[in-house]
Amino acid sequence: MDCGGETSLVVNGKSVVLDKNNSATLAEFLRDRLRLRGTKVACDEAACGACTVLIDGRAAFACHTLVAQLGGSSIETIEGLAHEGRLHPLQEAFVIQDATQCGFCTPGMIMTLKAALDGGARTRDQLMQAISGNICRCGAYLHILAAAESLL
Amino acid sequence: MKMPPSAGARQDAGKEVGQTRPRASAVLKVSGAPIFPSDVHAEGVVHAVLLRSVIARGRVVVFDPTPALGVPGVLAVHGPFSGEQMPGIAYRSDASIRTRPVIDAEVRFVGEEIGVIVAESECAARKAARLVRVKYEKMRALVAFEDPGDPAAPTLLPVGSVAPELDEVMEHGDLRAAEAAADVVVEASYHTSAQHHNPLEPHGCVALWDSDTLILHDGNQGGFLIRDQLARTLDLDLGKVRICSAYTGGGFGSKINLKPFHVIASLMARKLQRPVRLFMSRQEEFVASHHRAPTKRHIRIGGSRDGRIRFVDTDVIGQAGPSVFFARNAAGAVNGLRLHKTDAVRARIRRVLTNTQAPLPFRGPATAEDIFCLEQAVDELAHALGQDPLAFRRANLVKSDLFSGLPFAGNELATCYDEGASLFNWNWRPPRSCINGDYAVGTGMGAAVYDATLYEESQAAMVLDAGGAFRLRVGITEIGCGADTIFPQIAAEELGIPSSSVKVELGDTLTLPRSIDSTNHSRTTAVVGPAVRAASRKLRAELLRAGAEKLQASTEPVSIGPHGVFLARNPSRQITFSSLGALTGGIAVNAERETGPEGVFPAMFAAHFVMVEVHLPIGRIRLRRAVCAHDAGRIVNPRLAESQVHGGFLQGMGMALQEERVMDLRSGRQMNASMWAYRTPSIFDAPLRIDFVDAGGFDAANSLGVKGIGEPPLIAAGAAIANAVFNAIGARVRGYPMTPDRVLAAIRRG
């Protein structure tokens, strides 16, 4: 996989090459280099979950992950969730339950919940555990939880 | 997509108004597609980082940027001694009245702006910012606001500012006579802490100049107010300033006004002839993006054995920060005094200038702090008189506004009490009735009123364009409250078409009519809604006229259906909206808001009921359940209103239970300026059920019958929780937030 000073990773199914000396965080790389700005940086201190993306299927804070460490990994962001113009069921459930307010925490919430549901979450408590590190300052938690629960 | 049934949809609901519809921006938001201001990419953009004071009071005497200039990519540094001074902000209509210059040597709180660095990357700018050598001449700072009379603290008023009018007394009725009529008087001291808005999207903007026009991509609560203040500050024509703010990642009051960063970004963009991006770090978000002021108050309240409140006498003191401009946000009492029927009231309010950042409005500004405390005092009085707190409030219903003497435009507080209590299954028991091992469970309630008096003229435009699409054009910023959804519903109701076929355009001061200067005071629906309705009515008349003309039906009645205009007696003869758009080349109408109500006082009401569980060994409070009954006039979209209630309640719960700025009083530095140390509610802090009860109805506040639902859910939350805690443990926690240490101290006091 590694060739000289370069490495590559897969973002939403597409291969991306980067310099191994790249000092950017994953969030910076996604937002500034790939212009995937659905991933939000809110606290930049791994305290709010807004920047959550999936690395090889697991939820991770993109603001505190260095992209150079991710050679060979597969990254999934909010932009990769809809399939052929159709929303993912979790996105659809968010729309139905009015689980968005300002919308800034939404991508991180959805990616976190996707990891939980894909990882086998079966109870409300497991869903709550999953998003316990995601802050929604607008306070849409109960609608967010209702959206995720509708997929159990 | 199938929507859930409209929980709470009332019988008076229309086809659109009163119905749950999906949030217009929801599909974009769940896709990560909206371009928030912090997502804006401008070609050739450079990055600015502010330098901030690390002392609470004094002067910068050395500002040496030499080491910073050596960092690769640094383009410019501007400090307090860098030649031309940047202006102060002209908040008031008289542009000669200014704040401290946005970058200055004089500093009045830790975090105040003393310089800016611009570089090719944000990383370079932050690195360079750390290298600037700054020396200060320190002066004695006044940080604690309990101590306003300190003779060693010199005046903090900036030279050239207006005289302070920081003390205020509100009185009504004969206090002495009312005191004589009281059989029982309770008095106690309460306090509330500084609460940070902490919106997830930090404050910031991208500023760029298109020849002599300044364009700001900015996260705010209303572009027009920012535009007016910025144009006045920089001495530009209004037409030369354009504010674009399609989305804002949370505001809660903090993003209402122009701030120094707007001015600094604009001036650096002009100087460098490059777009400048300037966003706060999370730490800056805490120390320099403002907060709700901490307050202290002493309340005396008296009642008579017949169950009436005789008087309320309050002394309030609030922390006002370093200048008079935002001092009025520091404390208030007016809404608390008008909440219940009394013989007499008095409030003495003092706002103390301090070396801390200024308070800005925070959802229910001044009123939430007031009612959190006052409604505890009312509960204490009910208890002292041996009465059920609900029955006691029910017996002191207010009919007209205390100060204006006007009847309320609508007042369904009694309905809030009745329907809220019914859903909650209110069944009052004395304190400490339910203790099971380490846990005490209690129920409590609290009421709220919030004036709906902040009106302004509003314009809105409706268009049937040449392509046959309906477009509603409103100059507002959508901050997550749902304005993007409810205004199309209001328009669609008037036109008789589905709201999904009305596209809304917002967030641009250049191209859109001025609908509101800023979204605040729970008023956007009530201020802009009637203008939207009026514009839609006008368009409807135009459509009927044009349709009749095209159908050659000058004398026959025509009607509007979901797809076009048709002959009333023969609906098969129809001209579709797309044909009508194409044939007319489009129809556009503008409307102003209908005149406001006269002879009535518009106000929103609420009653909250909560159940808490207190873990006695550690003093930890958890909410089990909340019922939030609101009189918000007619509800346009029940599901979105419920979202507002959830959010408001949870922010009120945060203020009541956990959110607190911690200051080092000697240095004036905030000790918990991070999201790790300042915890806002998480999913585990929220009760698993928050029920919204729509207790309102068509209100005479305006022709739409609407009021607001943004702030009252926060205002009513705190005292209901505190009263439930008292009911659980039999001891009063009179300081907010009711953290475990305060709860344990109250239990020990008994």
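These remarks concern the structure in this document. (Residues numbered from 1 in each chain as written. Chains lettered and ligands numbered in written order. Predicted model: local features only at pLDDT ≥ 70, side-chain atom pairs only at ≥ 80, totals over all residues. Heavy atoms only, no water.)

What follows concerns the overall build of chain A. The helix and strand inventory of chain A stands at five helices and five strands. Taken from N to C terminus, the helices and strands of chain A fall in the order β-β-α-β-β-β-α-α-α-α. In terms of overall size, chain A behaves like a compact globule, its C-alpha atoms giving a radius of gyration of 15 Å where 152 residues would be expected to give roughly 15 Å. With the principal axes as the frame, chain A shows a C-alpha extent of 50 × 30 × 25 Å. Burial statistics for chain A: of 152 residues in total, 59% are counted as buried. The long-range fraction of contacts in chain A, counting pairs at least 24 apart against all pairs at least 6 apart in sequence, stands at 55%. (Helix = DSSP H or I, 4+ residues; strand = E, 2+ residues; numbered from the N terminus. Rg over C-alpha atoms; globule rule 2.2 N^0.38 Å. Buried < 20%, exposed > 50% of the residue type's maximum accessible area, 1.4 Å probe, protein only. Contact = heavy atoms within 4.5 Å.)

To continue, consider the overall build of chain B. The helix and strand tally for chain B stands at 18 helices and 31 strands. The C-alpha atoms of chain B give a radius of gyration of 27 Å, which matches the 27 Å a tight globule of 750 residues would have. For chain B, the proportion of its 750 residues judged to be buried stands at 64%. Within chain B, residue pairs in contact and separated by at least 24 positions form 80% of the contacts whose partners lie at least 6 positions apart. Just so you have it, chain B exposes about 26400 Å², and 51% of that area is on carbon and sulfur atoms. Seen as two clouds, the 83 positive and the 78 negative side-chain charges of chain B have centres 3 Å apart. (Areas by Shrake-Rupley, 256 points an atom, 1.4 Å probe, with all protein chains shown as cover. Lys, Arg positive; Asp, Glu negative; His and termini not counted. Charge placed at Lys NZ, Arg CZ, Asp CG, Glu CD.)

Residue and element names in this part refer to chain B. Spatial ordering of the open sheet is given by β7-β17-β16-β15-β8, a layout of five strands whose pairing is mixed. Of all the strands in the sheet, just β7 (167-172) and β8 (184-192) have a single pairing partner and so form its edges. Between one strand axis and the next, the sheet turns by 10 degrees as a mean value, whatever way the strands run. Alignment of β7 against strand β17 (residues 344-353), held across six bridges, turns out to be antiparallel. Its bridge partner being in β17, Met170 is matched across the sheet by Ala347. Strands in contact with helix α9 (residues 367-384) are β8, β15 (295-304) and β16 (308-321); relative to β8, the strand with the most contacts, it is inclined by about 150 degrees. (Pairing = 2+ DSSP bridges. Axes fitted to C-alpha atoms, helices over the stretch in contact; angles between N-to-C directions.)

Before going further, it helps to examine the sheet that holds strand β4 (residues 106-107) of chain B. All names here are of chain B. The sheet built from three strands is open, its strands ordered β4-β2-β6 with antiparallel pairing. If you trace the sheet from one side to the other, it starts and ends with β4 and β6 (133-138), each paired once. Here strand β2 (residues 58-64) runs beside β4; their pairing, made up of two bridges, is antiparallel. Following the sheet pairing, Arg59 is matched in β4 by Glu106.

Here we come to the state of the cysteines. Two cysteines, two sulfur atoms, one covalent bond between them: this is a disulfide. Under the criterion given, the structure shown has zero disulfides over all chains. Cysteine Cys51 of chain A remains unbridged, with the sulfur of Cys63 of chain A as its closest cysteine sulfur at 3.8 Å. For Cys51 of chain A, a relative accessible area of 4% puts it in the buried group. A disulfide-free cysteine, Cys416 of chain B has its sulfur positioned 11 Å from the sulfur of Cys628 of chain B, the nearest such atom. (Disulfide = S-S within 2.5 Å.)

To continue, consider helix α11 (residues 413-424) of chain B. Residue and element names in this part refer to chain B. Relative to the 16 Å expected for twelve residues at 1.5 Å per residue, α11 spans 16 Å between its end C-alpha atoms, a close match to the ideal helical length. Buried within α11 we find Leu413, Ala414, Thr415, Cys416, Tyr417, Gly420, Ala421 and Phe424. Buried residues along α11 sit in contact with α10 (389-394), β19 (439-451), β27 (603-615) and β28 (620-631). Directly beyond the C-terminal end of α11, a positive phi value near 65 degrees is found at Asn425. (Expected span 1.5 Å × (residues − 1).)

Every contact between the two is made by 45 residues of chain A and, on the other side, 59 residues of chain B. At the boundary of chain A with chain B, total buried surface from both sides reaches about 4400 Å², with 60% on carbon and sulfur atoms. Seen at the junction of chain A and chain B, the total is 22 residue pairs in polar contact (both at pLDDT 80 or more). Secondary-structure elements contributing two or more residues to the side of chain A that touches chain B are α2 (89-97), α3 (106-118), α4 (124-130) and α5 (141-149) of chain A. The element contributing the most residues to the side of chain A that touches chain B is α2 of chain A, with six residues. Of the residues contributing to the side of chain A that touches chain B, the split by class is 23 nonpolar, eleven polar and eleven charged. (Buried area = accessible area lost by both parts, 1.4 Å probe. Polar contact = N/O pair within 3.5 Å; in protein donor to acceptor, adjacent residues only side chain to side chain. Nonpolar A, V, L, I, M, F, W, Y, C, P; charged D, E, K, R; others polar.)

For Gln97 of chain A, the location among the structural elements is in helix α2. For Gln97 of chain A, a relative accessible area of 16% translates into the label buried. Once residues lying within four places of it in the same chain are set aside, the contact partners of Gln97 of chain A are His143, Ala146 and Ala147 of chain A together with Arg639 of chain B.

Bringing the packing of aromatic side chains into the picture now. If you walk through the whole model with that rule in mind, you get twelve aromatic pairs over all chains. The interplanar angle of 80 degrees and the centroid separation of 4.8 Å between the aromatic rings of Phe470 of chain B and Phe577 of chain B together place this pair among those described as edge-to-face. Of the two residues, Phe470 of chain B is situated in strand β21 (residues 470-473) and Phe577 of chain B in helix α14 (residues 577-584); the sequence distance between them amounts to 107 residues. Note on Phe577 of chain B: relative accessible area 5%, which makes it buried. Ring-pair connections join several aromatic residues into one group, and the members of that group are Phe104 of chain A together with Phe36 and Tyr247 of chain B. (Phe/Tyr/Trp six-rings, centres within 6.5 Å; stacked < 30°, edge-to-face > 60°.)

Quick look at unusual backbone geometry now. Tyr736 of chain B connects to Pro737 of chain B through a cis peptide bond whose omega is 0 degrees. For Pro737 of chain B, the position within the fold is in the loop between α17 (717-729) and α18 (740-749). Not every positive phi belongs to a glycine, and Arg35 of chain A is a case in point at roughly 55 degrees. Secondary-structure assignment places Arg35 of chain A in the loop between α1 (26-33) and β3 (52-55). With a relative accessible area of 47%, Arg35 of chain A lands in the partly exposed category. Even without being glycine, Asp98 of chain A reaches a positive phi, approximately 50 degrees. Looking at where Asp98 of chain A falls in the secondary structure, it is placed in the loop between α2 and α3. A residue is classified by how much of its surface remains accessible, and Asp98 of chain A, at 2% relative accessible area, is buried.

In this section: the environment of Ser281 of chain B. Residue and element names in this part refer to chain B. The topology assignment puts Ser281 in the loop between β13 (276-279) and α7 (282-288). According to the relative accessible area criterion, Ser281 is partly exposed, its value standing at 22%. For the pair Ser281 and His615, spaced 334 residues apart in sequence, the C-alpha separation works out to 37 Å.

Residues and elements named next belong to chain B. Under the definition given, this model contains 59 salt bridges over all chains. Taking the shortest distance from any N to any O, the salt bridge between Arg689 and Asp691 comes out at 2.8 Å. Assessed through its relative accessible area of 16%, Asp691 is described here as buried. One continuous salt-bridge network, built from bridges that share partners, spans Arg52, Glu113, Glu122, Arg126, Arg277 and Glu284. (Salt bridge = Lys/Arg side-chain N within 4 Å of Asp/Glu carboxyl O.)

Geometric values such as these leave the question of function open.
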